[in-house]
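Each chain is listed here by its residues.
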Amino acid sequence: MATDLIKVEIIERQTVKPSSPTPHSSRTTQLSVLDQMVLSHVYFPTLLFYSGNNNITGSGGGATSTGMEAMRMKERDYCQHLIRSLAKTLTHFYPLAGRLSKGNDMIQCTDDGAEFVTARVKCSLSQIFEHPDPEMLTGLVPAIGQPDCDDDGVSTRLPLLAVQANLFEYGGIAIGLNFSHKVVDGITASAFISCWAKTALDSVGDDDQVPFMVPKFDAASYFPPLDFLNSSQPSSAELVGIIKQDKCITKRFVFDASKIATLQSNLASALAPHAPTRVLVVSALIWKCAMEASSKSSNIPPSSFLLTMDLRRWFEPPLPQNLAGNVVGILVVTATASLKGQEESNETIDLKDLVAKLSKGIAQQKETYPTKLPFDSNEALQRAREYEKLRGNVDMYHLCSGIWCRFPFYEADFGWGKPTWVSVPSIGCKDAFYLIDKRDGKGIEALLSLSEEIMEHFESNPELLKYASVNPRVM
């Protein structure tokens, strides 16, 4: 199914504000230094698909006028159900209804609201599932408008959360979300989706009942912000330019549980006596194949691999699990190819060696990363600068990852059953990938964004194709 065959009609745009006003004592939320180091224009999308057999009817081509009106009424009911529960959820996630202030230091929590878009998709959900092209899915996520920027390049007045309810012909709905990365990390976004779904499912109960752990937006008290306005420090736009938004293409690769088990078994000796995790072996395989694909000659360039760790779990003592915002640390591992024999043309990358190097590198980084209070914000900034300097080495290949495995996306029941499929549309960021669980919780889907030239070599790698399928239909 070609991208241009999906037609998305925007029916309505509206602003959803918290159902209860944010108290004056919470009208400003201080950004932490980890929030400050994220570029303000970076948003990350998520899509949850619900099949038509989950009591969601749609408008089929053969419906009578009476039947069509009944379907339209049901669609309106679904959207109103989402809007009401979203308004309630925003009372607890109130910064997502706010706007960034000038100066890259806080969120004005003045209940400006989240954007809610209702759209009708001119195709069936089964057509999407037959050819789930990530590039094609971008129209199902609400677009964020052009920012108004202050003198430091910080985007202001843009919504920090936008939602799009996509209604399909013959039934089914997809909920597309676009979160400002300046405000939340993957764990906070996942918590928001879970809380919204629980609120929707529990909407018949007591309005004052809170069916989830209320988030704490006080990360700045753990990770003190830096004063970029009154110091020689660079502005946020110069801090962590990790996202490389060059021309690229995003493709989907699916690793079934049985293939991952085989891969783990084949690589078990690399970490003996410990078994390598499924995320580790899949990440290592993707990194290896991307390094090989990036080679413009017989020589494989050295490479860096960036991943993040959840500081909530790694701090001593652990931080509150409901601590919201960007509570992640950056880890970077480097690797080089080795010579196979005496000829340079025989450079190779051994996957077992790469798994061992990646595992050891992660462990070493975790040992040296500051994980005790008081947190040294200047050290965190220095680490970010060192990574930026590393990325400036044009003789190296740099790959970034986002790991969303074990997030409870597939438990998000808004009242019409659990998702049939959860995915990420085209990333739009070169040399980056996301890993997300399959519905069975054991397999993994990888959304990888590369230049067209590198992607052509990557997707034809025989070692990759032993374990992954290229964009198979959604079962």
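Since we're looking at a predicted model, the values are computed, not measured.

About the cut-offs
Residues numbered from 1 in each chain as written. Predicted model: local features only at pLDDT ≥ 70, side-chain atom pairs only at ≥ 80, totals over all residues. Heavy atoms only, no water. Helix = DSSP H or I, 4+ residues; strand = E, 2+ residues; numbered from the N terminus. Buried < 20%, exposed > 50% of the residue type's maximum accessible area, 1.4 Å probe, protein only. Contact = heavy atoms within 4.5 Å. Axes fitted to C-alpha atoms, helices over the stretch in contact; angles between N-to-C directions. Left-handed = near helix turned anticlockwise from the far one by under 90°. Nonpolar A, V, L, I, M, F, W, Y, C, P; charged D, E, K, R; others polar. Expected span 1.5 Å × (residues − 1). Arc of directions from axis to C-beta. Polar contact = N/O pair within 3.5 Å; in protein donor to acceptor, adjacent residues only side chain to side chain.

Participant: Any chance you could break down the environment of Leu34 for me, citing the residues and the numbers?
Facilitator: Checked against the element boundaries, Leu34 lands in helix α1 (residues 33-36). Residue class for Leu34 comes out buried when judged on its relative accessible area of 6%. On a C-alpha basis, the gap between Leu34 and Pro224 in space is 8.7 Å, while along the polypeptide they are 190 residues apart. Residue contacts for Leu34: discarding those within four places in its chain leaves Phe223, Leu311, Asn326, Val327, Val328, Tyr369 and Phe375.

Participant: Please give an account of the packing of helix α6 (residues 278-294) against helix α8 (residues 351-368) that cites residues and values.
Facilitator: Across the interface, α6 lies against α8 with an axial gap of 9 Å and an inter-helix angle of 120°. For the pair α6 and α8, the crossing hand works out as right-handed. Residues Leu280, Ser283, Ala284, Leu285, Trp287 and Lys288 of α6 form the contact with α8, whose own contacting residues are Leu351, Leu354, Val355, Leu358 and Ser359. Taken together, the residues of the contact of α6 with α8 sort by class into eight nonpolar, two polar and one charged.

Participant: So what's going on with helix α4 (residues 186-201)? Which residues, and what values?
Facilitator: Along its 16 residues, α4 runs 22 Å from first to last C-alpha, staying within 8% of the 22 Å computed at 1.5 Å per residue. Within α4, 12 of the 16 residues are buried, which leaves it mostly tucked inside the rest of the structure. Among the residues of α4, those classed as buried are Gly186, Thr188, Ala189, Ser190, Phe192, Ile193, Ser194, Cys195, Trp196, Ala197, Thr199 and Ala200.

Participant: Give a description of helix α9 (residues 377-391) that names residues and reports values.
Facilitator: Between the first and last C-alpha of α9 there are 21 Å, a value that for 15 residues agrees with the 21 Å anticipated at 1.5 Å per step. Turning to α9, its buried residues number three or more, namely Ser377, Ala380, Leu381, Ala384, Tyr387 and Arg391. Looking straight down α9, one finds its buried side chains confined to an arc of 120°; they lie on one side. Turning to α9, the residues buried within the fold contact α1, β12 (303-310), β13 (328-335) and β16 (397-403). Sitting at the head of α9, Asp376 places a side-chain oxygen 3.1 Å from the backbone nitrogen of Asn378.

Nothing here speaks to function; it is all geometry.
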